[in-house]
Amino acid sequence: MTPTASWSHYASPRHAMRRFLISCHGAGEQAGLQPPFRQRALPTRGLVYISEGRGTYEEYEPRGLQVPVEGPAVIWLTPGVRHGYGSDARGWSEHWVLFEGEPFAAFETTGLGGRHRPVQKLLRPVEDADAIFRELCVAVAAVGARAEIAASVATQRLLLAILDAADPAEGAAAGATIVDLVTRGATRTLSVAERAAAVGLTARELGDAVRSATGFTVNDLVIEVRIAQAQSLLAETRLDVGQIAAQVGYDDAAYFSRLFRRRTGAAPSAFRRQQARSRFD
């Protein structure tokens, strides 16, 4: 096992950083045999990169779960989920980051950080992990906006490096299939529970799979699909707004118009004027 200097630093990024960037709240690295975590829940997201060694990840609530870990792999930690993890008797080499921020949704669309898949096996070690963590060590230990931005950039570099080391097919196929099924039934008036039952999942499992694959909730995905279909109908047909609303799943044309404007920034009639070809003038 490659020797690693043990260190850990924590930070409290300002609100603007948390909103507009992926903000880093802590980072560290350890190697060898370390005391395991038990019954821990975090207020932020986290990732633990295991470069070498074996161990176990487990969750206690809301489901009982125990997953083997073998490096290279990443453990994805979800806020509020009570969990534990640790190496076997031979120890392991780990790097970890605590982070949060709305921009992480972009990474979730690639399959990273999936709630339904807390342990992700990697095809190869994360490239430049040691260099990235040296940057994090300096940035997280410092104070000020520049240090917070530097820590954010290093965290995003790490996420990209993990994405490069991951199997692009792992987890994506199942998530894509579920999203495709939800998309095809988006115009039907169904509850989340009914959509979940239609694909053989619980409402929570469906929500986790959709968020992992797209970054959306189930309802937001349905709305996105409906609005996209409505945009096509407005641009390519002469159907009136009420007919289009009904076709994409809304009985109330006025509600549909308000929702369309909120999502696109333009009323349906204005969108049609902007986008329709001259044959509809």
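Structural data are supplied above this passage.
The paragraphs below set out a description of the structure included in this document. Remember, predicted model here, so these are calculated numbers, not experimental data. (Residues numbered from 1 in each chain as written. Predicted model: local features only at pLDDT ≥ 70, side-chain atom pairs only at ≥ 80, totals over all residues. Heavy atoms only, no water.)

Brief notes about the pairing of strand S2 (residues 23-32)
The element S2 is extensively covered by neighbouring structure, given that 10 of its 10 residues are classed as buried. Relative to S2, strand S1 (residues 7-10) is paired through four bridges, and the arrangement is antiparallel. Directly across from Ser8, in S2, lies its bridge partner Gly28. As defined by bridge partners, S2 adjoins strand S7 (residues 82-100) across nine bridges and the pair is classed as antiparallel. Directly across from Cys24, in S7, lies its bridge partner Phe99. (Buried < 20%, exposed > 50% of the residue type's maximum accessible area, 1.4 Å probe, protein only. Helix = DSSP H or I, 4+ residues; strand = E, 2+ residues; numbered from the N terminus. Pairing = 2+ DSSP bridges.)

Considerations on helix H10 (residues 253-264)
For H10, spanning 12 residues, the distance from its first C-alpha to its last is 16 Å, which sits close to the expected 16 Å at 1.5 Å a residue. Those residues of H10 that fall on the buried side of the exposure criterion are Phe256, Leu259 and Phe260. Along the long axis of H10, the arc covered by the buried residues comes to 105 degrees, so they all point the same way. Residues of H10 that are exposed and angled more than 90 degrees away from the buried face: Arg261 and Arg262. The elements touched by buried residues of H10 are helix H8 (218-236), helix H9 (241-247) and helix H11 (268-275). One side-chain oxygen of the residue at the start of H10 lies 3.0 Å from the amide nitrogen of Ala254, identifying that residue as Asp252. Looking one or two places after H10, you find Gly265, whose phi comes out positive at around 85 degrees. (Expected span 1.5 Å × (residues − 1). Arc of directions from axis to C-beta. Contact = heavy atoms within 4.5 Å. Polar contact = N/O pair within 3.5 Å; in protein donor to acceptor, adjacent residues only side chain to side chain.)

Geometric descriptors of this kind do not, in isolation, establish any biological role.
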